[in-house]
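# A closer look at the structure
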Amino acid sequence: MKKIQEGQSELVNDTCTDCGSYADIGAVIDEFDTVLTLDRQGENAQAELQKLADAAKARFDDVVSEMTTLDDGQQLTLTFGYSAEKMIFQLEHGL
């Protein structure tokens, strides 16, 4: 526990003064963690990733998607407006 506290940012408030509970929320949710990168291989890789890109754009405003061809497949980069949107999308799609 002491190493965790020493390693965390000064911006992390790890105690709840109202309830007296320990909560290391800043280590779990980073407000700047808005980019999700997914790789897929196989003949259906592009279709699978396009389906995820379409789902993200339908669910959240301001999502930017970029598809890249790799040597062994496809890569999708989704940039969300907020880190919470990224987390919600990952939970909804089991990513």
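Look a little higher up for the structure.
Model, not experiment: these values are computed from the prediction.

## Structural notes on the overall build of the protein
- Helix and strand content of the protein: four helices and three strands.
- Going from N to C terminus, the protein has its helices and strands arranged as α-α-β-α-β-β-α.
- Within the protein, the fraction of its 95 residues that count as buried is 25%.
- Considering only residue pairs separated by 6 or more positions, the protein has 53% of its internal contacts joining residues 24 or more positions apart.
- Working note: accessible area of the protein is about 6900 Å², and carbon and sulfur atoms make up 49% of it.

## Some words on the sheet that holds strand S1 (residues 35-40)
- Strand order in the open sheet formed by three strands is S1-S3-S2, with antiparallel pairing between adjacent strands. The open sheet has two free edges, formed respectively by S1 and strand S2 (64-70), since each of these has just one partner strand. The average angle at which neighbouring strand axes cross in this sheet is 15°, direction not considered.
- Judged from the seven bridges that link them, S2 and strand S3 (residues 73-79) form a sheet pairing that is antiparallel. The residue bridging Ser 65 from the neighbouring strand is Leu 78, located in S3.
- Sheet strands in contact with helix H3 (residues 45-59) are S1, S2 and S3, and its direction is about 10° off that of S3.

## Looking at helix H4 (residues 83-92)
- Listed as buried for H4 are Ser 83, Glu 85, Lys 86 and Phe 89. With its buried residues spanning 160° around the axis, H4 presents them on a single face.
- Against the buried residues of H4 lie S1, H3 and S3.
- Directly after H4, the chain includes Gly 94, whose backbone phi takes a positive value near 60°.

## Considerations on unusual backbone geometry
- Look at Asp 62: it is not a glycine, yet its phi comes out positive at around 65°.
- Within the secondary structure, Asp 62 is located in the loop between H3 and S2.

## Digging into the environment of Asp 39
- With respect to the helices and strands, the residue Asp 39 is situated in strand S1.
- Judged by its relative accessible area of 38%, Asp 39 is partly exposed.
- Residues within four places of Asp 39 in sequence aside, it is in contact with Leu 70, Gln 74 and Gln 75.
- Side-chain polar atoms of Asp 39 contact the side chain of Gln 75, separated by 2.9 Å.

## Some details on the packing of aromatic side chains
- A complete count under the given rule lists two aromatic pairs for this structure.
- Judged by centre distance (5.9 Å) and plane angle (85°), the ring pair of Phe 60 and Phe 80 falls under edge-to-face. With Phe 60 in the loop between H3 and S2 and Phe 80 in the loop between S3 and H4, the pair connects residues that are 20 residues apart, well separated along the chain.
- On the basis of relative accessible area, Phe 60 is assigned to the buried category, the value being 8%.
- Classification of Phe 80 as buried rests on a relative accessible area of 3%.

Parameters at a glance
- Residues numbered from 1 in each chain as written.
- Predicted model: local features only at pLDDT ≥ 70, side-chain atom pairs only at ≥ 80, totals over all residues.
- Heavy atoms only, no water.
- Helix = DSSP H or I, 4+ residues; strand = E, 2+ residues; numbered from the N terminus.
- Buried < 20%, exposed > 50% of the residue type's maximum accessible area, 1.4 Å probe, protein only.
- Contact = heavy atoms within 4.5 Å.
- Areas by Shrake-Rupley, 256 points an atom, 1.4 Å probe, with all protein chains shown as cover.
- Pairing = 2+ DSSP bridges.
- Axes fitted to C-alpha atoms, helices over the stretch in contact; angles between N-to-C directions.
- Arc of directions from axis to C-beta.
- Polar contact = N/O pair within 3.5 Å; in protein donor to acceptor, adjacent residues only side chain to side chain.
- Phe/Tyr/Trp six-rings, centres within 6.5 Å; stacked < 30°, edge-to-face > 60°.

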